[in-house]
Amino acid sequence: MCGIIGYVGEKHPKEILINGLKRLEYRGYDSSGIALKNRSDIQIIKSKGKIKDLEEKVNILEIIESNIGIAHTRWATHGRANEVNAHPHKVGMVTLVHNGIIENASELKEKLSSVNFISETDTEVACALINKYYKGDALSAINKAISEIKGSYAFGILFDDNEKLYAVRKDSPLIVGIGENENFIASDIAAIIEYTNKYILLEEGEIAEITKDKVIVTKEGKVIEKQIIVTDISQDDSDKCGYNHYMEKEIMEEPAVLMKTLAPYLDDIDIIPDLSKYEEIHFVACGSAMYAGMIGKTLFEEYANLKCYVECASEYRYKKVIYDRKTLVILISQSGETADTIAAMRKAKENSIDTLAIVNVKTSTIARECDFKLFIEAGPEIAVATTKAYLLQVAILSLLAYRSSGGKDKSFIDDAKRLPGLLTDILNKKEVLKNIANEIANSKDAFFIGRGIDYAICLEGSLKLKEVAYTHSEAYQAGELKHGTISLIEKDVPVFAVISDENIKDKTISNIIEVKSRGAKIITVSNDEAILEGEFKIVVPKVSKLLQPILIVPTLQYIGYYVALLRGCDIDKPRNLAKSVTVE
Ligand code: G6P
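Residues numbered from 1 in each chain as written. Predicted model: local features only at pLDDT ≥ 70, side-chain atom pairs only at ≥ 80, totals over all residues. Heavy atoms only, no water.

Digging into the overall build of the chain
So, point 1. When you go through the chain residue by residue, the secondary structure sums to 17 helices and 25 strands.
So, point 2. Computed over the C-alpha atoms, the radius of gyration of the chain is 25 Å, within 12% of the 25 Å expected from 2.2 N^0.38 for a compact globule of 584 residues.
So, point 3. Structurally, the chain occupies a C-alpha span of about 75 × 50 × 45 Å along its principal axes.
So, point 4. Looking at the chain as a whole, 60% of its 584 residues qualify as buried.
So, point 5. A separation of at least 24 residues holds for 71% of the contacts in the chain among residues at least 6 apart in sequence. (Helix = DSSP H or I, 4+ residues; strand = E, 2+ residues; numbered from the N terminus. Rg over C-alpha atoms; globule rule 2.2 N^0.38 Å. Buried < 20%, exposed > 50% of the residue type's maximum accessible area, 1.4 Å probe, protein only. Contact = heavy atoms within 4.5 Å.)

The following block contains the structure:
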């Protein structure tokens, strides 16, 4: 969701900014723009659509000499996705790119009645406000403006008569990249990883004043000493490495990242917290992370006898939550920057409730603010639709459930150690998955049915098909189907039936028979080869129930991927979706 990159140094910024925008594409966007500046001139080029459209424009225009610039990918919120609304915006002496939402934009606009606004954006209002206060002192103008702005923002700012780059943020991520005779700003390190692995994390309200060889960070006028962080991600982590799509690369990385994430805990299970001292657990997250929470709930209830609730963060943040002192709120988030999940975390903290984060990005807001944190080792995840990060969230939840059950399942540790190898075998035999994808590629609708933990698996399988292949798909508790949705089952509608839980296997088989007799095309997904129902079968090795979803979900992720490929979809950047949803 919206991406920022900025450069100041000895090189011409054009290529650096365009390359950076390409690396930020994964966040989701619908227009982009770039501003290049020198002592006397500023050139702004914008385009609706893909970065390559912007690049084509930039390549045919005469570009000014420059060594400082800012660029942006915009995911439309205030105002349509068009060239006028695309960033950078310029008002008077100030040129600016912005991520986030300015909540009091209309109010501020009224006070700026002399400005002739040309776009529908809240960003142009922020730009005008900084310009109003700019009398030659950039820091003072930014400080005055941010004291009036309500909402979330990460700003990259240029002033016409000043050779510095400025950055400031609140509730929206922004880092300052530290190079040799050059410095950067970026929404995340992936955008600049080919130039530097060092960066400074800006805290709320801190303003960075950046030249090619100096970064001065201040807050309310006082200089702040900042720590330089060295990232362990490499350029390879954010390249496709021979795969056609990030989504496929990231699915294929699952065995390796699983091993990396699980290994320390399997050597010493006591380092994973025992949550049995809590009486109630709230899993709060968005999208796939919430579906990982559904798996967590099922496992915690069954193994650790804990009362559990799963809530999507956008509801949780506003609803009346009746907290018990012995409640733990588990926030699950790949990015650690999802606005609703951050708000849910802060709500729990305001109520003095313990919070535990399961998170990938170690420097993210959620990782920094939660009381306790467990990191997944997914590395950068670029495809908008999560795959490997989801799987690792499930893996951590399985570990927690096992530990909190007092080690109830004796096969757990051995099975967990075998998991990466078993998953490698599954992913190496993709023909079966491709055949199924071929079979369903033209279907308009699909259904996923299962009970208990299998239903939680279905939710994620169904979401993958929806988001990357644009197939209308629904996940249903197998027993509930006959209370309405079965009316949609007709000849050749694909129904994926997930059956891994031995205890309720026969019940789900009855439900398969119900839909089969109405003409559905059944695909059974199971750890039991003996299940005969279904024209198509995906069979995975049987492991501890606590770990079984980790072998099943990747097969459904791959089917989603492959159907999307057959349908010619924009797999890594599905329409209307964003990787990290940093606005409400
Ligand atoms: C977006 C992504 C999803 C992701 C969700 C939550 O919608 O497209 O793949 O599950 O955000 O993101 P988070 O970073 O909080 O896990």
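Describing the pattern of salt bridges
Any two side chains of opposite charge can pair, on the condition that their charged atoms come close.
So, point 1. Tallied over the full model, the rule gives 40 salt bridges.
So, point 2. Close ionic contact of Lys 22 with Glu 55 constitutes a salt bridge, the shortest N to O distance being 3.1 Å. Taken together, the positions of Lys 22 in helix H1 (residues 13–24) and Glu 55 in helix H2 (residues 51–60) put the pair 33 residues apart, joining distant regions of the chain.
So, point 3. Between Asp 501 and Lys 545 there is a salt bridge; the shortest N-O distance is 2.8 Å. Of the two residues, Asp 501 is situated in the loop between strand E23 (494–499) and helix H16 (505–516) and Lys 545 in the loop between strand E25 (536–539) and helix H17 (548–566); the sequence distance between them amounts to 44 residues.
So, point 4. On the basis of relative accessible area, Asp 501 is assigned to the buried category, the value being 8%.
So, point 5. Among the charged side chains, a salt-bridge network with shared partners connects Lys 170, Asp 171, Arg 346 and Glu 369. (Salt bridge = Lys/Arg side-chain N within 4 Å of Asp/Glu carboxyl O.)

Re the packing of helix H7 (residues 254–267) against helix H13 (residues 412–428)
So, point 1. Running from N to C, H7 and H13 cross one another at 175°; their axes reach a closest spacing of 9 Å. Of the possible angle classes, the one that applies to H7 and H13 is roughly antiparallel. Where H7 abuts H13, its residues Glu 254, Pro 255, Leu 258, Met 259, Leu 262 and Leu 266 lie against Ile 413, Ala 416, Lys 417, Leu 419, Pro 420, Leu 423, Thr 424 and Leu 427.
So, point 2. Broken down by class, the residue content of the contact of H7 with H13 amounts to 11 nonpolar, 1 polar and 2 charged. (Axes fitted to C-alpha atoms, helices over the stretch in contact; angles between N-to-C directions. Parallel < 35°, antiparallel > 145°, perpendicular 65-115°, else oblique. Nonpolar A, V, L, I, M, F, W, Y, C, P; charged D, E, K, R; others polar.)

Describing the domain arrangement of the chain
So, point 1. For the chain, the assigned domains read domain 1 (3–236) and domain 2 (246–566).
So, point 2. Computed from C-alpha coordinates alone, the two centres of domain 1 and domain 2 are separated by 37 Å.
So, point 3. For the pair domain 1 and domain 2, the summed buried surface comes to about 910 Å²; carbon and sulfur atoms form 52% of the total.
So, point 4. In this assembly, domain 1 and domain 2 are joined by 2 salt bridges.
So, point 5. Put simply, Asp 171 and Arg 346 hold a salt bridge, and the shortest N to O gap is 3.0 Å.
So, point 6. Summed over the shared surface of domain 1 and domain 2, the result is 3 residue pairs in polar contact (both at pLDDT 80 or more).
So, point 7. Across the side of domain 1 that touches domain 2, the residue classes tally to 6 nonpolar, no polar and 4 charged. (Domains from an automatic or database assignment. Buried area = accessible area lost by both parts, 1.4 Å probe. Polar contact = N/O pair within 3.5 Å; in protein donor to acceptor, adjacent residues only side chain to side chain.)

What about unusual backbone geometry?
Across residues other than glycine, the phi torsion is negative in most instances, and most of the peptide bonds are trans.
So, point 1. Here the amide bond leading from His 87 into Pro 88 is cis, since omega sits at 0°, within 30 degrees of zero.
So, point 2. By secondary structure assignment, the location of Pro 88 is in the loop between strand E4 (68–74) and strand E5 (89–91).
So, point 3. Backbone geometry at Ser 352 places phi at a positive 55°, although glycine is not the residue there.
So, point 4. Mapping Ser 352 onto the fold places it in the loop between helix H10 (339–350) and strand E19 (354–359).

Some details on the nonpolar core
So, point 1. Grouped together as the largest cluster of nonpolar side chains are 97 residues, with contacts concentrated most on Leu 275, Phe 300, Ile 330, Leu 399, Leu 400 and Phe 496.
So, point 2. It is helix H12 (residues 388–404) that provides the largest number of residues to this core, a total of 12 residues.
So, point 3. Core analysis: the second largest hydrophobic core is formed by 29 residues, Leu 112, Ile 130, Ala 138 and Ile 207 among them. (Core = buried A, V, L, I, M, F, W, Y, C linked by side-chain atoms within 4.5 Å.)

Here's the deal with the site of the ligand
So, point 1. If you check the shell around the ligand, you find 13 residues, and the closest are Ser 288, Ser 333, Gln 334, Ser 335 and Thr 338.
So, point 2. Within the backbone of Ser 288, an N or O atom sits 3.1 Å from an oxygen atom of the ligand.
So, point 3. For the ligand, the accessible surface in isolation is 390 Å², of which the surrounding protein chains cover 90%.
So, point 4. A total of 3 residues in the shell around the ligand trace back to one element, the largest contributor, which is helix H8 (residues 287–304). (Near = heavy atom within 4 Å. Areas by Shrake-Rupley, 256 points an atom, 1.4 Å probe, with all protein chains shown as cover.)

Some details on the packing of H13 against H17
So, point 1. Contact pair H13 / H17: the axes reach a minimum separation of 10 Å and the direction vectors enclose 25°. It follows that H13 is roughly parallel to H17 by the angle criterion. In this structure, H13 crosses over H17, and the sense of that crossing is right-handed. Residues Leu 419, Leu 422, Leu 423, Ile 426 and Leu 427 of H13 lie in contact with H17, whose contacting residues are Ile 550, Leu 551, Pro 554 and Thr 555.
So, point 2. Broken down by class, the residue content of the contact of H13 with H17 amounts to 8 nonpolar, 1 polar and no charged. (Left-handed = near helix turned anticlockwise from the far one by under 90°.)

Examining a positive patch on the surface
So, point 1. Taken together, the side chains of Lys 111, Lys 132, Lys 135, Lys 144 and Lys 150 make up a positively charged region of the molecular surface.
So, point 2. Relative to the elements of secondary structure, Lys 135 occurs in the loop between helix H4 (122–133) and helix H5 (138–148). (Patch = residues over 30% accessible without salt bridge, like charges linked within 9 Å, V, L, I, M, F, W, Y side chains within 5 Å. Lys, Arg positive; Asp, Glu negative; His and termini not counted. Charge placed at Lys NZ, Arg CZ, Asp CG, Glu CD.)

Here we look at the side chain of Gln 557
So, point 1. Along the chain, Gln 557 turns up in helix H17.
So, point 2. When neighbours within four sequence positions are excluded, Gln 557 is seen to be in contact with Met 247, Ile 251, Glu 254, Thr 386, Thr 387, Tyr 390 and Lys 464.

Details of H8
So, point 1. Between its first and last C-alpha atoms H8 spans 25 Å; for 18 residues at 1.5 Å apiece the expected length is 26 Å, and the two agree.
So, point 2. Burial of H8 is extensive: 13 of the 18 residues sit out of reach of the surface.
So, point 3. One or two steps after H8, the chain reaches Asn 305, where phi turns positive at roughly 55°. (Expected span 1.5 Å × (residues − 1).)

With respect to the sheet that holds strand E12 (residues 207–210)
So, point 1. Overall, antiparallel pairing links the 7 strands, which are arranged E5-E6-E7-E8-E12-E13-E14 in an open sheet. At either end of the open sheet lies a strand with only one pairing partner, and these are E5 and strand E14 (222–223).
So, point 2. In this sheet, strand E7 (residues 153–159) lies alongside strand E6 (residues 94–99) in antiparallel orientation, the contact comprising 6 bridges. Bridging across to E7, Val 94 finds its partner in Phe 159. (Pairing = 2+ DSSP bridges.)

A few points about the sheet that holds strand E20 (residues 372–375)
So, point 1. Taken together, 5 strands build an open sheet; the order of strands is E17-E16-E18-E19-E20 and the sheet is parallel. Edge positions in the sheet fall to strand E17 (307–312) and E20, since each has one partner strand and no second. When the angles between neighbouring strand axes are averaged without regard to direction, this sheet yields 20°.
So, point 2. For strand E18 (residues 327–333) and E19, the ladder comprises 6 bridges, and the chain directions are parallel. Counterpart to Val 329 in the pairing with E19 is Thr 355.
So, point 3. Across the face of the sheet, H8 comes into contact with strand E16 (280–285), E17 and E18 while running at roughly 170° to E17.

Some remarks on H5
So, point 1. Among all positions of H5, only Ala 138, Ala 141, Ile 142, Ala 145 and Ile 146 are buried. Along the long axis of H5, the arc covered by the buried residues comes to 120°, so they all point the same way.
So, point 2. Buried residues belonging to H5 abut H4, E7, strand E8 (165–170) and E12.
So, point 3. Two to three positions downstream of the cap, the backbone nitrogen of Leu 139 sits 3.3 Å from a side-chain oxygen, assigning the N-cap of H5 to Asp 137. (Arc of directions from axis to C-beta.)

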